[in-house]
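# Coordinate inspection notes
Now for the letters of each chain:
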Protein chains: 2
Amino acid sequence: MTTTFAIAIHGGAGTILKSKMTPEREAAIRATLTESLRVGYALLNEGGCALDAVQKAVNVMEDSPLFNAGRGAVFTHDGKNEQDATIMDGFSGQAGSVASVKHIARPIDLARLVMDQSPHVLLMGDGAEKFAVEHGMELVDNKYFYTEQRWEQLQRALAKEQRASDNKGDLSLSEDDKHGTVGAVALDSQGHLAAATSSGGMTNKRYGRVGDSALVGAGTFADDLCAVSTTGHGEFFMRGVVAYDVAALMHYKGLSLAEATDLSVQTKLTDPGGTGGLIAIDKDGNIALPFNTEGMYRGYLYKGSEPMVEIFRE
Amino acid sequence: MTTTFAIAIHGGAGTILKSKMTPEREAAIRATLTESLRVGYALLNEGGCALDAVQKAVNVMEDSPLFNAGRGAVFTHDGKNEQDATIMDGFSGQAGSVASVKHIARPIDLARLVMDQSPHVLLMGDGAEKFAVEHGMELVDNKYFYTEQRWEQLQRALAKEQRASDNKGDLSLSEDDKHGTVGAVALDSQGHLAAATSSGGMTNKRYGRVGDSALVGAGTFADDLCAVSTTGHGEFFMRGVVAYDVAALMHYKGLSLAEATDLSVQTKLTDPGGTGGLIAIDKDGNIALPFNTEGMYRGYLYKGSEPMVEIFRE
């Protein structure tokens, strides 16, 4: 039993520059992040569990067209949306994930359903959607995910690819196309932790690419010591098993949350040339939000405090 | 530079009882495991790299109908075969994985292709097969994977499920249906490590379930200190991030390979009620092959030695 509770969230990391952001867009993003924190906080304040709090906080960002998850998911090369999500309960050690789902408005809810209603951890594609339908979840038409911004983002990526067509087989993407994920971590008044991550993936992605947001240990991890959700260039988080690396550094090396998250971002992300960030909380309510990009949409809210929301590097 | 090299392999863990094994079947399994070791060894002996050795050793088991990977893959609920595989190079830190591929004779070769020829780590399903074709890999008909033994295994699982149809929604499987994976780990004469895992998944699986064999950190991991490949009830390896946990225990807690593998199997697999095992090798050529089931098809071969192959618990 702790005397405190808290929640932290992210809405993606990347080349987020103040000079390129309209005041209207910045205000809308800040408002949605604040709303996400308040929804999670309200649950925690009523004695709700961290698992429900991270799920509901993520739902707010999934429902917004401003973030690359749920409604605002980016388009694949074929003009579709394929989303990944993972939720993990630090108390029970249970987890649920979905990969490449196309007709799920809130992928984190399906990840939760996989965790609660199946003996499996990860379900993918059509099979995951069949599971959703059999458990009463409605599928949405692909049109639900259409936003002009994301469609134009795909057209720019396709045009860039066309210009680079001499360089055949080059699947490289601009930094902006690689990022975008939403996530939440929370500590509840019972002292339990949870983490959730939901992602629309990479713009112009092909070949059924699955990212770290679908993988326990890479993009999401929670146990009784800490909870972690990552965002950024997913392949680096997968090879570095970053979310679990933070937990391992705390458990096995005795590092603090701040030390563990800084070291993991440095050695697993920055040193190998990756970009992104993560949010993490520990059993004592310490919060860390390190990132190595220009900005990361992020926020946190402690028991009895006001929401703190930031976008740019200080 | 080390003066030694070595390879270890597994062909799955489970309820493998001598009383239920015919002498002919046991001899065939031992012969294939020995051949797998010899193929990997030959490469290492010529100065080849650990990455090639684990891939070729896995190929031998994938080509055999005796193991649940490649040719001998088990059937899904729909009578299909959906396979997962991962390969990781400890020297470069690069990795490649495929999930739920249906027409790939040797899934580990496609995982290697993903690692070598794409900027991604994990490709799944039809997209992964499209990538395979575009890179010159032939697809095989589903009939390639038909073996009478696996088909009868599915029929038994379906009949059991039918008998239990009162208990609707119960997706539980017998222990035997959960296991079966092949894998290899190796240390080459340059002192580099690699790991590879290939799996036909669970008999009668549904809903696009993906197992630990597709996930870097869960079923497979390699760096400059150790290489690990797991087999068993995949969901436990995913929640426990077991392959990376072994590496973390060595790096951060300073444990030996034997201590790290024993502790990880105990805390991440046995304590939560899971079954299976793993193979691991470290930079000094130490090998560990712990498991908590009746048996595990396994073997190892050190430079200048004879192949050691075991099936049952000693």
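Overview of the structure. This is a predicted model, so every value here is computed, not measured.

## A short note on the overall build of chain A
- A count of helical and extended segments in chain A gives 9 helices and 13 strands.
- For chain A, the C-alpha radius of gyration of 18 Å lies close to 20 Å, the compact-globule estimate for 314 residues.
- By its C-alpha atoms, chain A is 60 × 45 × 40 Å across when sized along the principal axes.
- In chain A, once contacts between residues fewer than 6 apart in sequence are set aside, the share between residues at least 24 apart is 68%.
- Total accessible area on chain A is roughly 11300 Å²; 50% of this is exposed by carbon and sulfur atoms.
- Here chain A carries 29 positive and 41 negative side-chain charges, and the mean point of each set is 5 Å from the other.

## Things to note about the sheet that holds strand β10 (residues 276-282) of chain B
All names here are of chain B.
- Pairing within the open sheet is antiparallel, and its 4 strands lie in the order β8-β9-β10-β11. What marks the edges here is a single partner per strand, and that holds for β8 (220-222) and β11 (287-288).
- Two elements, β8 and strand β9 (residues 226-232), share 3 bridges in a ladder whose sense is antiparallel. Looking across to β9, one finds that Thr-220 is bridged to Ser-229.
- The strands touched by helix α8 (residues 242-253) are β8, β9 and β10; relative to β9, the strand with the most contacts, the crossing angle is about 145 degrees.
- The strands that helix α9 (residues 257-270) touches are β9, β10 and β11; relative to β10, the one it contacts most, it runs at about 155 degrees.

## Examining the pairing of strand β1 (residues 6-14) of chain B
All names here are of chain B.
- Of all the 9 residues making up β1, 9 are buried; the element is thus mostly covered by neighbouring parts of the structure.
- By the bridge criterion, 5 bridges tie β1 to strand β5 (residues 182-187) in an arrangement that is antiparallel. Looking at β5, one finds that Ile-7 is bridged to Ala-186.
- Where β1 meets strand β12 (residues 295-302), 7 bridges bridge the pair, whose relative direction is antiparallel. Note that in β12 the partner of Ile-9 across the bridge is Gly-299.

## A word on the pattern of salt bridges
- This structure, assessed with the given rule, holds 23 salt bridges over all chains.
- Lys-205 of chain A is paired through a salt bridge with Glu-82 of chain A; the nearest N and O atoms lie 3.5 Å apart. You can see Lys-205 of chain A sitting in the loop between β6 (193-199) and β7 (209-210) and its partner Glu-82 of chain A sitting in the loop between α2 (50-63) and β2 (83-89), a full 123 residues away along the chain.
- The partner of Asp-141 of chain B in a salt bridge is Lys-143 of chain B, with the nearest N and O atoms 4.0 Å apart.
- Residue class for Lys-143 of chain B comes out exposed when judged on its relative accessible area of 67%.
- A cluster of three or more residues bridged by salt bridges with shared partners is formed by Lys-18, Glu-26 and Arg-30 of chain A.

## Let's talk about the packing of aromatic side chains
- Counted by the stated rule, this structure contains 19 aromatic pairs over all chains.
- For the pair Tyr-300 of chain A and Tyr-302 of chain A, a centre-to-centre distance of 6.0 Å together with 75 degrees between the ring planes defines the contact as edge-to-face.
- You can call Tyr-302 of chain A partly exposed: its relative accessible area is 26%.
- One Lys or Arg, Arg-71 of chain B, reaches over the ring of Tyr-144 of chain B and ends 5.7 Å from the middle of that ring.
- Positioned above the aromatic ring of Phe-236 of chain B is the side chain of Arg-239 of chain B, whose terminal nitrogen or guanidinium carbon lies 4.9 Å from the ring centre.

## With respect to the sheet that holds strand β5 (residues 182-187) of chain A
- Here we have 9 strands laid out as an open sheet, ordered β13(A)-β12(A)-β1(A)-β5(A)-β6(A)-β2(A)-β3(A)-β4(A)-β7(B), and mixed in their pairing. The open sheet terminates on both sides in strands that have one partner only, identified here as β13 (308-312) of chain A together with β7 (209-210) of chain B.
- Inspection of the sheet shows strand β3 (residues 95-101) of chain A paired to strand β4 (residues 122-124) of chain A by 3 bridges, in the parallel sense. Note on β4 of chain A: the bridge partner recorded for Ser-97 of chain A is Leu-122 of chain A.
- Against the sheet, helix α1 (residues 23-45) of chain A makes contact with β1 (6-14), β5, β12 (295-302) and β13 of chain A, and its axis sits at roughly 145 degrees relative to β13 of chain A, the strand it touches most.

## With respect to the nonpolar core
- Among the nonpolar cores identified, the biggest contains 101 residues, and Tyr-244 of chain A together with Tyr-244 of chain B are the most heavily contacted of them.
- Not counting chain neighbours up to four residues away, the residues in contact with Tyr-244 of chain B comprise Gly-240, Val-241, Tyr-244, Asp-245 and Lys-268 of chain A together with Gly-217, Phe-221 and Tyr-252 of chain B.

## Focus on the relation of the copies chain A and chain B
- Rotating chain A by 180 degrees and translating it 0.0 Å along the rotation axis places it on chain B, where the RMSD comes to 0.0 Å. As the rotation angle and translation indicate, the two copies are arranged about a two-fold axis.
- Both copies share a contact surface, since 100% of the interface residues of chain A are interface residues in chain B too.

## Some remarks on the interface of chain A and chain B
- Tallying the contact residues gives 41 residues for chain A and 42 residues for chain B.
- Broken down residue by residue, the surface that chain A buries against chain B is led by Tyr-207, Arg-239 and Tyr-252 of chain A, which jointly contribute 23%.
- Applying the counting criterion to the chain A and chain B interface returns 0 salt bridges.
- Joining chain A to chain B, the criterion identifies 17 residue pairs in polar contact (both at pLDDT 80 or more).
- Looking at the side of chain A that touches chain B, the elements that each hand over two or more residues are β3, β4, α4 (125-134), β7, α7 (234-240) and α8 (242-253) of chain A.
- A per-class count over the side of chain A that touches chain B returns 22 nonpolar, 10 polar and 9 charged.

## Notes on the packing of α1 of chain A against α2 of chain A
All names here are of chain A.
- Axis separation between α1 and α2 bottoms out at 8 Å; the angle between their running directions is 155 degrees. Here α1 is positioned roughly antiparallel relative to α2, judged by the angle of their axes. Relative to α2, α1 is oriented so that their crossing is right-handed. In this structure, α1 uses Thr-32, Leu-33, Glu-35, Ser-36, Val-39, Gly-40, Leu-43 and Leu-44 to contact α2, whose residues at the interface are Ala-50, Asp-52, Ala-53, Lys-56, Ala-57, Val-60 and Met-61.
- Partitioning the contact of α1 with α2 into residue classes produces 9 nonpolar, 3 polar and 3 charged.

## With respect to helix α4 (residues 125-134) of chain B
- Taken together, the buried positions of α4 of chain B are occupied by Gly-125, Gly-127, Ala-128, Glu-129, Phe-131 and Ala-132 of chain B.
- In this fold, the buried residues of α4 of chain B make contact with β4 of chain A together with β3 (95-101), α3 (107-117) and β4 (122-124) of chain B.
- Looking one or two residues beyond α4 of chain B, the residue adopting positive phi is Gly-136 of chain B, at roughly 85 degrees.

## A look at the environment of Thr-34 of chain A
All names here are of chain A.
- The topology assignment puts Thr-34 in helix α1.
- Note on Thr-34: relative accessible area 22%, which makes it partly exposed.
- Spatially, the C-alpha atom of Thr-34 lies 18 Å from that of Ala-195, the residues being 161 residues apart in sequence.
- Every residue in contact with Thr-34, bar those within four places of it in the chain, is listed here: Pro-307 and Val-309.

## Some details on the packing of α2 of chain A against helix α3 (residues 107-117) of chain A
All names here are of chain A.
- Look at α2 against α3: their axes get within 8 Å of each other, and the N-to-C directions meet at 150 degrees. Taken together, the axes of α2 and α3 are roughly antiparallel relative to one another. Contact with α2, carried on its side by Leu-51, Asp-52, Gln-55, Val-58, Asn-59 and Glu-62, involves Pro-107, Ile-108, Asp-109, Arg-112 and Met-115 of α3 and no other residues of that element.
- Grouping the constituent residues of the contact of α2 with α3 by class yields 5 nonpolar, 2 polar and 4 charged.

Criteria and cut-off values
Residues numbered from 1 in each chain as written. Chains lettered and ligands numbered in written order. Predicted model: local features only at pLDDT ≥ 70, side-chain atom pairs only at ≥ 80, totals over all residues. Heavy atoms only, no water. Helix = DSSP H or I, 4+ residues; strand = E, 2+ residues; numbered from the N terminus. Rg over C-alpha atoms; globule rule 2.2 N^0.38 Å. Contact = heavy atoms within 4.5 Å. Areas by Shrake-Rupley, 256 points an atom, 1.4 Å probe, with all protein chains shown as cover. Lys, Arg positive; Asp, Glu negative; His and termini not counted. Charge placed at Lys NZ, Arg CZ, Asp CG, Glu CD. Pairing = 2+ DSSP bridges. Axes fitted to C-alpha atoms, helices over the stretch in contact; angles between N-to-C directions. Buried < 20%, exposed > 50% of the residue type's maximum accessible area, 1.4 Å probe, protein only. Salt bridge = Lys/Arg side-chain N within 4 Å of Asp/Glu carboxyl O. Phe/Tyr/Trp six-rings, centres within 6.5 Å; stacked < 30°, edge-to-face > 60°. Lys NZ or Arg CZ within 6 Å of the ring centre and 35° of its normal. Core = buried A, V, L, I, M, F, W, Y, C linked by side-chain atoms within 4.5 Å. Least-squares fit on C-alpha atoms with pLDDT ≥ 70 in both. Buried area = accessible area lost by both parts, 1.4 Å probe. Polar contact = N/O pair within 3.5 Å; in protein donor to acceptor, adjacent residues only side chain to side chain. Nonpolar A, V, L, I, M, F, W, Y, C, P; charged D, E, K, R; others polar. Parallel < 35°, antiparallel > 145°, perpendicular 65-115°, else oblique. Left-handed = near helix turned anticlockwise from the far one by under 90°.

Interpretation note: all reported values are geometric properties and have no functional meaning in isolation.
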